[in-house]
Amino acid sequence: MFMKIRYLIYLSGLLFLSQASPAQTNIISSAADLFNFLNSDHDYIKARNDRYSAIEGSPYLDDEFRPGSLSFGNTKYTGIQLRYNSYEGYFEFETEQGVKYFDPRLTRIDTVWLEGDTFLYVYFQSGRAGKQTFMKAAHLGPTSVYLHNEIILTQPEEATGYVAAKPASFEKLAESIYVQEEGKPAVEFKGKKSIEDIFPEHQAELSRFIKSEKLKLKDAEDVARICKYYDSLR
């Protein structure tokens with residue numbers, strides 16, 4: 001059932017894309033149109049919520065739904081109540097029919113705007129493998145900076161001696177910074193040791209710039225300044 005509806009979601013997305021002219025962006029604020037564009041498997045949502053009920057903590061970047069919009073192909077959907085499920089890696093939206101979601105693996109959403117933040121579906125390097133997830137844009141340019149907010153699931157622990165049992169729980173990891181050059185996967189920025197790997201050219205100029213500006217390499221705004229300066233040198 002879930003796979004069938006996911007396939008229908010994909011076909012629906014293709015239909016909307018084929019109807020939009022390449023030269024213009026259609027703006028859709030109708031809840032009915034959005035409902036037709038993205039429909040969710042109610043059985044999946046119910047099973048997921050049942051599973052979440054036994055887990056402590058929250059899988060969401062923010063539990064509350066916030067006003068936002070999203071872009072798919074040449075169509076922009078506005079007036080949507082959204083929240084990001086960091087653990088699952090998808091956005092959910094609230095309708096009169098209940099909570100629904102879209103699967104970015106099947107319906108490739110270009111951009112999500114959530115209040116003052118912009119999220120993009122970013123391809124990034126994770127060890128030797130490549131992965132994709134939504135990241136919040138801190139700076140967009142030839143060399144872009146993203147913030148990655150990851151939530152993981154910790155397994156339950158049985159009681160041992162004087163230590164009480166612990167249920168499974170969602171754990172929010174520290175926010176990480178990623179840098180992406182055009183045409184390349186995003187790479188995690190880990191401070192000074194990342195400078196040479198991410199910015200192979202203009203090492204001397206970058207070193208002088210970082211020192212003269214007294215930049216903190218753990219601050220996304222300062223990393224964005226480094227990227228802007230690096231792009232100006234090329």
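Preceding this paragraph is the structure being described.
All of these numbers come straight from a predicted model, not from anything done at the bench.

Colleague: Provide a residue-level description of the side chain of Thr133, including the pertinent values.
Modeller: Position of Thr133 among the secondary structure elements: in strand β8 (residues 129-139). Looking at Thr133, the relative accessible area reads 11%, which means it is buried. Here Tyr84 takes part through its side chain, which lies 3.4 Å from a polar atom of the side chain of Thr133. Once you skip the residues sitting within four places of it in the chain, Thr133 turns out to touch Tyr84, Leu120, Tyr121, Val122, Phe124 and His148.

Colleague: Which residues make up the side chain of Asn149, and what values go with them?
Modeller: Along the chain, Asn149 falls in the loop between β9 (143-148) and β10 (151-154). At 3.3 Å, the side chain of Asn149 and the side chain of Glu175 are in polar contact. If sequence neighbours within four positions are ignored, Asn149 has contacts with Leu61, Ser86 and Glu175.

Colleague: Would you mind going over the pairing of strand β7 (residues 117-126) in detail, with residue names and values included?
Modeller: In this structure, strand β6 (residues 111-114) lies alongside β7, joined through 4 bridges in antiparallel fashion. Following the sheet pairing, Trp113 is matched in β7 by Thr118. Pairing of β7 with β8, which is carried by 8 bridges, proceeds in the antiparallel orientation. Along β8, the bridge assignment pairs Val122 with Thr133. Hairpin connection between β7 and β8: a loop of 2 residues separates the two successive antiparallel strands, and Gly127 in this loop has a positive phi of roughly 65 degrees.

Colleague: An account of helix α5 (residues 203-213) is needed here, citing residue identities and associated values.
Modeller: Leu206, Phe209 and Ile210 are the residues of α5 that are buried. All buried residues of α5 fall inside an arc of 95 degrees around its axis, so they share one side. Set apart from the buried face of α5 by more than 90 degrees, the exposed residues are Arg208, Lys211 and Ser212. Elements in contact with the buried residues of α5: α4 (192-198) and α6 (220-232). With its phi angle positive at about 55 degrees, Lys214 sits one or two positions after the end of α5.

Colleague: Describe the packing of aromatic side chains, naming the residues involved and giving the relevant values.
Modeller: All told, the structure shown has 12 aromatic pairs when counted by the stated rule. Seen in terms of ring centroids, Tyr121 and Phe134 are 5.0 Å apart; in terms of plane orientation they differ by 50 degrees. Their pairing is tilted. Here the residue Tyr121 occupies a position in strand β7, and Phe134 occupies one in strand β8, the gap between them amounting to 13 residues. Since its relative accessible area comes to 16%, Tyr121 is described here as buried. Through a chain of ring-to-ring contacts, the aromatic side chains of Tyr84, Phe91, Phe119, Tyr121 and Phe134 assemble into a single cluster. Residue placement shows Arg83 over the ring face of Tyr60; its charged tip is 3.8 Å from the ring centre.

Each value, and the rule that gives it
- Residues numbered from 1 in each chain as written.
- Predicted model: local features only at pLDDT ≥ 70, side-chain atom pairs only at ≥ 80, totals over all residues.
- Heavy atoms only, no water.
- Helix = DSSP H or I, 4+ residues; strand = E, 2+ residues; numbered from the N terminus.
- Buried < 20%, exposed > 50% of the residue type's maximum accessible area, 1.4 Å probe, protein only.
- Polar contact = N/O pair within 3.5 Å; in protein donor to acceptor, adjacent residues only side chain to side chain.
- Contact = heavy atoms within 4.5 Å.
- Pairing = 2+ DSSP bridges.
- Arc of directions from axis to C-beta.
- Phe/Tyr/Trp six-rings, centres within 6.5 Å; stacked < 30°, edge-to-face > 60°.
- Lys NZ or Arg CZ within 6 Å of the ring centre and 35° of its normal.

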